[in-house]
Amino acid sequence: MPFDNGISRALNSPLGRRYYRSLLEQGETNPRAEPELSSEAGEPGPQLTRRDLTALLGASLALAGLTSCGQRPREKILPYVRAPDGVKPGVPVEYATTMTLGGLGTGLIGTVQDGRPIKLDGNPEHPASLGGSGIYEQAALLGLYDPARLTGPVHEGIPSDWHSAAEAIRGCGPRAWFVLPPQSSPLAARLIEQIRLRLPWSRFVHYQPLPRHAVYAAARGTFGRVLETHYRLANARVALALDADFTASMPGSLRMARELGQRRGRNTSGSESRLYVAEAMLSPTGSLADQHLSLQSSRVPQLARAVLQQLDQLGLRGKVRGAAPSASSSTDTRIEAFARAVAGDLARARGEAVVLVGERQPRETHVLAHAINQALGSFGRTLYFAETPLLAPEGGSSLEDLAAAIAASEVDALVILEENPVFSAPPSLRLEHLLPRVPLRIHLTDVENETSRLCQWRLPLSHFLESWGDARALDGTVSYAQPLIGARHESRSSLELLALFAGREEGALELLRALHQSDAQRSEAEWEQRLQAGFAAGSAFPPIDVTLDAEAVSSAVQAVSASTHDDGALEVNFTLGKVHDGRFVNNAWLLELPHPMTKQCWGNAAVLSPATATRLGVESGDVLEIAIQDRKLAVPALILPGHADGALSLDVGYGSAGDGLGHGVGVNAYVLRTGVAEHFSVGARVERTTMRVELALTQEHFRLHGRDYVKSTSLEEYRRAKRVAPEQRSPQRTLLPTVPAAGIQWAMSIDTDICSGCSACVVACQAENNVPVVGKRGVMQSREMHWLRIDRYFEGDVNAPRVVNQPMLCQHCEKAPCEYVCPVNATVHSPDGLNEMVYNRCIGTRFCSNNCPYKVRRFNWFDYSAEPSTPLLQKNPEVTVRERGVMEKCTFCVQRVRRAEQRALAEGRPSAATEVVTACQAACPTQAIQFGSLAAADGPIRRARADGRSYAALHELGTRPRVTYLAKVRNPNPELGE
């Protein structure tokens, strides 16, 4: 039988279904037939033991911690906005704190109930978050309760104590090396200075597996100093993103996502905007693009050079005219056509245009982007430059320096803070062989892993919710972290360990207060005010005027023009995925979260395009052997429409051999890297093996039956018709009596035009509503429990599809099909419009799920919350922890609704139409989700329903859902077409 992976049928079906979620649907095949309702309802087979189930669910539970061996001094923390007279049982209190990732701080608000943190959200006043949050911020809470965390110091495999560890630290030799993550903490800077005074020969390596060195090298070469580029997308009418997932994974992404959402919201009110994205792997930002170009990462510099060339021909080169690229240096026709159209659009929007470059790109691409932005008059308008908050932005000493020093026996002590370089560093450094040669090895870590097993001292790392600390945001704003709970184990923070090496005896709070009060001679009241807000207002770095170096631009142009590219060569991209660089690999919420674009859970895969898959003769699930130089890796394939041809994308961070839930999940992509700063590599050899694996993919779990749940159109069509899908909003004929609704009537509106599919809302819902994880096998059986899912739809050619993201949750139908089939009246309608579930009535018939056309109800197949005796410290006490055998689904965060009603009643006033903020709404960085009352004539829901883009999913069924959507409106360039 000839090879057929379903791709050929899709490629030869241009007139197929308008919207499709995968190649299987476009090719008119679907291997699953409603597996949620299949007969597989029995207990797990013998291959899943009770021990396996307990280990699987461990990280989603809040295990009671061991008490510390000693009592720490009392420390005062300050709640956000209001300070209570005393903690009242059952009453949540909010505290401002800061989460640091990649060295940069993001302001958060932590909700604490009965002395334990139960929820994290963005700080609305903090410039880095503006109230939004991403998947990492939402899921970070779960790490606090991870049962795999180290509980105390370990020396040579034997439990020890911090006193003995401190003695070893005081006796370390003078040639001490420190490997630590990027730092922006002012206190860390002070402690590092003191360590250098005490240990003059000490060296510091600021290490992260996928660094931003190219960003800073380009700034130094172009402007003569290291600077950060700050984009202001609210001012940008036309934006070009070059391999830049700026709404989800770049520094400052929460702020940029918010600004992009605000700008795109003006598209239908007369102020056009347009977003171009060129990238290899389809990203959340790419799904928002009006024009998307699937392009290998190694070819993106050619696109930047081509855009610069087109601007030169349009006369927009300014001070860098001498660096103009040669017109004879051509690229392929796709790049030329795209560059010509983009350059013309950018030129017409001069002063309101911007080009963004991701940190994955080499130095030359960033330099060319600076030249383009200067020619467009973007400096000071759609972007500005400021000092970087990082202490050693270009890394300081490197891992290569460390490896050479160890080989030369020039290292007396090696201290590794938080990072796991044995796992993530290129194998060519041979760190696993070099580390045992260091006399004193100390690793500060949360769980035992590859690096800690080679160290004499394994010291437990405190979670940031247990620690005092500080960090600067991307714009330089000083932000403060205060502990929301006492240390659950005998752990210390990185700052506390640095203080030991600096010879300081004070605690982190004393050091922090002394530093920030003495620097500005501030009073205790001012210090407490800063802690209460979570940051120091007015501490951001001011903009810096820059002068472009034309010679640097000319050199970059020549370097790109001289580069060659083999059209047959395969490229491997190393990308940050749901577990970031591996630091969240034990987080059950993130492991089970479907990837925003591939919808894969519990592992990673080599993502490739349909054309590349056909060329290699593979289909999704086939195991590939990827070789780069002498490095080989076996990894399953996953075909994704819209991926660049000739490239494979592989998420890093998986395949860890450390303790915890992530042990052995996925494969370690780091083993293919040949350089520390390498984000992609060209020249890979790929062969298909005879093995196959089944991937945990969620997108195929429910069939569409030929229906279009989503709607999209072009801006031109929308302005001509003034509305989208009128048939999806007109009243339906019905025999049922119309009962007028009185008072507050809750409803939701979701704008698919600005939904990037980032999935922050999914994790926020999971944290707020005690939604359990079910494991890889459960996901493959279509038993995932997420109350909110994000369906990703493709439209058009599988090689260059358009994307629509649609969050799908319980629609809270006014005429709900689930309600009249329930034999025990467990699913009922409330007077304020909520479709409610009475869990203690439900007997698990699943009739309601069978009758739900949206497939948003979840059946609790097993006791996912494990044994009843297990303390559930992370669980929200306002939400029932469901037992086995009941249906559950979105409740519009009914606990928040009722809490607001009770507060209004106590204050003697009616409930405000917008005072309830659901968990998904609070998390959404683009503000795509709005919640409120239909009774408010000027409220956001009434305004959304009056919008011409408003429609109801499956409106023709007459269910009258309380959730409505705003259709996606694309603004493609007429020169490039749809």
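If you're wondering where the values come from, they're calculated on a predicted model, not measured in any experiment.

1. Observations regarding the packing of aromatic side chains
Scanning all chains against the criterion turns up 14 aromatic pairs. An angle of 10° between the planes, with centres 5.3 Å apart, marks the rings of Trp746 and Phe931 as stacked. Of the two residues, Trp746 is situated in strand S29 (residues 746–751) and Phe931 in strand S36 (residues 929–933); the sequence distance between them amounts to 185 residues. A relative accessible area of 1% means that Trp746 is categorised as buried.

2. Structural notes on the pattern of salt bridges
Summed over all chains, the structure comprises 43 salt bridges. The partner of Arg898 in a salt bridge is Glu901, with the nearest N and O atoms 2.9 Å apart. Highlighted residues: Arg898 and Glu901, both in helix H26 (residues 894–906), separated by 3 residues, approximately one helical turn. By relative accessible area, Glu901 is classed as partly exposed at 29%. A network of salt bridges, in which partner residues are shared, links Arg274, Asp345, Arg348 and Glu975.

3. Here we look at the sheet that holds strand S4 (residues 116–122)
What the 3 strands build is an open sheet, ordered S2-S3-S4; its pairing is antiparallel. The sheet is open, and its two borders are formed by strand S2 (93–101) and S4, each paired with just one other strand. Taking the axes of each pair of neighbouring strands and ignoring which way they run, one obtains an average angle of 35° across the sheet. Bridge analysis of strand S3 (residues 104–113) against S4 gives 6 bridges, and the strand direction is antiparallel. Looking at the pairing, Val112 lines up with Pro117 of S4.

4. Some details on the nonpolar core
Nonpolar side chains tend to gather and get buried jointly when the protein is soluble and globular. Counting residues in hydrophobic clusters, the biggest one holds 94 residues, and the most contacted among them are Leu590, Met748, Leu809, Tyr854, Phe892 and Tyr965. If you tally residues by element for this core, the top one is helix H4 (residues 135–144), at 7 residues. Those residues in contact with Phe892 that lie beyond four places of it in its chain are Trp746, Ala747, Met748, Leu809, His812, Leu834, Val897, Thr918, Phe931, Arg962 and Val963. Grouped together as the second largest cluster of nonpolar side chains are 59 residues, Val277, Ala278, Ala289 and Val560 included.

5. Here we look at the packing of helix H7 (residues 213–223) against helix H12 (residues 363–375)
Their axes nearest at 8 Å, the elements H7 and H12 cross at an angle of 50°. On the basis of the axis angle, H7 is oblique to H12. Crossing handedness for the pair H7 and H12: right-handed. For the pair H7 and H12, the contacting residues are Ala214, Val215, Ala217, Ala218, Gly221, Thr222 and Phe223 in the first and Arg363, His366, Val367 and His370 in the second. Considering only residue class, the contact of H7 with H12 consists of 6 nonpolar, 4 polar and 1 charged.

6. What to know about helix H11 (residues 333–348)
With 16 residues, H11 ought to run about 22 Å at 1.5 Å a step, and its terminal C-alpha atoms sit 23 Å apart, in line with that. Within H11 the residues assigned to the buried category are Ile335, Glu336, Phe338, Ala339, Ala341, Val342, Ala343, Gly344, Asp345, Leu346 and Ala347. At the N-terminal boundary of H11, the capping side chain belongs to Asp332, with an oxygen 3.1 Å from the backbone nitrogen of Arg334.

7. Let's talk about the side chain of Gln183
On the secondary structure map, Gln183 appears in the loop between strand S7 (176–180) and helix H6 (186–198). Only 3.3 Å separates the side chain of Gln183 from the backbone oxygen of Pro181, close enough to count as a polar contact.

8. What to know about the environment of Ala764
Residue position: Ala764 is located in helix H23 (residues 760–768). Assessed through its relative accessible area of 0%, Ala764 is described here as buried. A C-alpha to C-alpha distance of 9.1 Å links Ala764 and Cys924, two positions 160 residues apart in sequence.

9. Concerning the sheet that holds strand S31 (residues 802–808)
Here we have 3 strands laid out as an open sheet, ordered S1-S30-S31, and antiparallel in their pairing. Edge strands, defined here as strands with exactly one partner in the open sheet, are strand S1 (19–20) and S31. Pairing of strand S30 (residues 789–795) with S31 involves 7 bridges; the strand directions are antiparallel. Following the sheet pairing, Ile790 is matched in S31 by Pro807.

10. Some words on the packing of H4 against H23
Two elements in contact, H4 and H23, have axes whose closest approach is 8 Å; the angle formed by their N-to-C orientations is 25°. As summarised for this structure, H4 and H23 are arranged roughly parallel, according to the angle between their axes. The two elements H4 and H23 cross, and the hand of that crossing is left-handed. Two secondary-structure elements touch here, H4 through Ile135, Gln138 and Ala139 and H23 through Ala760, Val763 and Ala764. By residue class, the composition of the contact of H4 with H23 is 5 nonpolar, 1 polar and no charged.

11. Some remarks on the confidence of the model for the protein
Across the protein, the average pLDDT comes to 88, with 88% of residues at 70 or higher. Here residues 1–17 is modelled with pLDDT under 50, and outside its nearest four sequence neighbours on either side it reaches 32 contacts, counting other chains as well. The model gives residues 28–46 a pLDDT under 50, and that stretch makes 45 contacts with residues more than four places away or in other chains.

12. Some remarks on the pairing of strand S17 (residues 457–460)
Regular strands have side chains that alternate between both faces of the sheet. Burial along S17 is two-sided: Trp457 and Leu459 and Arg458 and Pro460, pointing in opposite directions, are all buried. Bridge count between strand S5 (residues 154–155) and S17: 2 bridges; the pairing is antiparallel. Within S17, the residue paired with Val154 across the bridge is Arg458. Here strand S16 (residues 440–445) runs beside S17; their pairing, made up of 4 bridges, is parallel. Directly across from Ile442, in S17, lies its bridge partner Trp457.

13. Description of the pairing of strand S13 (residues 353–357)
The element S13 is largely enclosed, with a buried count of 5 among its 5 residues. When strand S10 (residues 238–242) meets S13, the two strands line up parallel, connected through 5 bridges. Its bridge partner being in S13, Leu240 is matched across the sheet by Val355.

14. What to know about H23
Most of H23 is tucked away: 9 of the 9 residues are buried. Turning to H23, its buried residues are Ala760, Cys761, Val762, Val763, Ala764, Cys765, Gln766, Ala767 and Glu768. Backbone geometry just downstream of H23 places Asn770 in the positive-phi region, at approximately 55°.

15. Here we look at the state of the cysteines
What the rule picks out here adds up to 0 disulfides. Here Cys818 is not cross-linked by a disulfide; its sulfur's nearest cysteine counterpart is in Cys848, at 6.3 Å.

16. Brief notes about the environment of Glu490
Among the secondary structure elements, Glu490 is positioned in the loop between strand S19 (478–481) and helix H16 (494–501). Along the chain, Glu490 and Thr151 lie 339 residues apart, while their C-alpha atoms are 5.8 Å from each other.

Each value, and the rule that gives it
Residues numbered from 1 in each chain as written. Predicted model: local features only at pLDDT ≥ 70, side-chain atom pairs only at ≥ 80, totals over all residues. Heavy atoms only, no water. Phe/Tyr/Trp six-rings, centres within 6.5 Å; stacked < 30°, edge-to-face > 60°. Helix = DSSP H or I, 4+ residues; strand = E, 2+ residues; numbered from the N terminus. Buried < 20%, exposed > 50% of the residue type's maximum accessible area, 1.4 Å probe, protein only. Salt bridge = Lys/Arg side-chain N within 4 Å of Asp/Glu carboxyl O. Pairing = 2+ DSSP bridges. Axes fitted to C-alpha atoms, helices over the stretch in contact; angles between N-to-C directions. Core = buried A, V, L, I, M, F, W, Y, C linked by side-chain atoms within 4.5 Å. Contact = heavy atoms within 4.5 Å. Parallel < 35°, antiparallel > 145°, perpendicular 65-115°, else oblique. Left-handed = near helix turned anticlockwise from the far one by under 90°. Nonpolar A, V, L, I, M, F, W, Y, C, P; charged D, E, K, R; others polar. Expected span 1.5 Å × (residues − 1). Polar contact = N/O pair within 3.5 Å; in protein donor to acceptor, adjacent residues only side chain to side chain. pLDDT = per-residue confidence, 0-100. Disulfide = S-S within 2.5 Å.

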